[in-house]
Amino acid sequence: RPTYTGGDEDDEEEGDAADYTIRSPYPTIHLLREVDVMRAVTSGFRDLEGLPSRNKAVLRADGVTLCKGRLKDCMDPSL
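Residues numbered from 1 in each chain as written. Predicted model: local features only at pLDDT ≥ 70, side-chain atom pairs only at ≥ 80, totals over all residues. Heavy atoms only, no water.

1. Points about the overall build of the protein
Phase 1 of the analysis: Within the protein, the regular secondary structure consists of three helices and zero strands.
Phase 2 of the analysis: Put simply, the protein runs from its N terminus to its C terminus through helices and strands in the order α-α-α.
Phase 3 of the analysis: Scored against the burial criterion, the 79 residues of the protein give a buried share of 15%.
Phase 4 of the analysis: The long-range fraction of contacts in the protein, counting pairs at least 24 apart against all pairs at least 6 apart in sequence, stands at 62%. (Helix = DSSP H or I, 4+ residues; strand = E, 2+ residues; numbered from the N terminus. Buried < 20%, exposed > 50% of the residue type's maximum accessible area, 1.4 Å probe, protein only. Contact = heavy atoms within 4.5 Å.)

Here's what the structure looks like:
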């Protein structure tokens with residue numbers, strides 16, 4: 001199981017819920033077409049650069065226990 005964290009200096013504590021912003025229940029490869037990325041970047045989305053920080057803040061507010069439960073639910077074939 002990977003132990004990679006987001007690399008933020010203030011994320012030193014193991015079990016940081018923000019690390020779930022980069023977790024996937026299954027191995028994932030993202031194939032991004034340049035035209036689609038550019039369209040997203042130029043779409044006028046408010047504070048696009050701040051999106052990762054906002055996502056981390058939301059997951060930290062949710063807490064590690066909830067994040068672990070969500071990830072576990074993704075792996076449950078009965079759902």
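Continuing now.
2. A short note on the pattern of salt bridges
Phase 1 of the analysis: Considering all chains together, one arrives at five salt bridges under this definition.
Phase 2 of the analysis: With its nearest N and O atoms 2.9 Å apart, the salt bridge here joins Arg 33 to Asp 36.
Phase 3 of the analysis: Arg 33 sits in the exposed class, given a relative accessible area of 53%.
Phase 4 of the analysis: Among the ionic pairs, Asp 62 bridges to Arg 70, the shortest N-O distance being 2.9 Å.
Phase 5 of the analysis: Here the residues in one salt-bridge network are Arg 33, Asp 36 and Arg 39, joined through shared partners. (Salt bridge = Lys/Arg side-chain N within 4 Å of Asp/Glu carboxyl O.)

3. A few points about a nonpolar patch on the surface
Phase 1 of the analysis: Taken together, the side chains of Leu 32, Val 37 and Val 41 present a nonpolar region at the surface, about 280 Å² in accessible area.
Phase 2 of the analysis: Turning to its location among the elements, Leu 32 is positioned in the segment before helix H1 (34-41). (Patch = residues over 30% accessible without salt bridge, like charges linked within 9 Å, V, L, I, M, F, W, Y side chains within 5 Å. Areas by Shrake-Rupley, 256 points an atom, 1.4 Å probe, with all protein chains shown as cover.)

4. Some thoughts on helix H2 (residues 51-62)
Phase 1 of the analysis: Relative to the 16 Å expected for twelve residues at 1.5 Å per residue, H2 spans 17 Å between its end C-alpha atoms, a close match to the ideal helical length.
Phase 2 of the analysis: The positive-phi residue at the C-terminal boundary of H2 is Gly 63, with phi of around 95°. (Expected span 1.5 Å × (residues − 1).)

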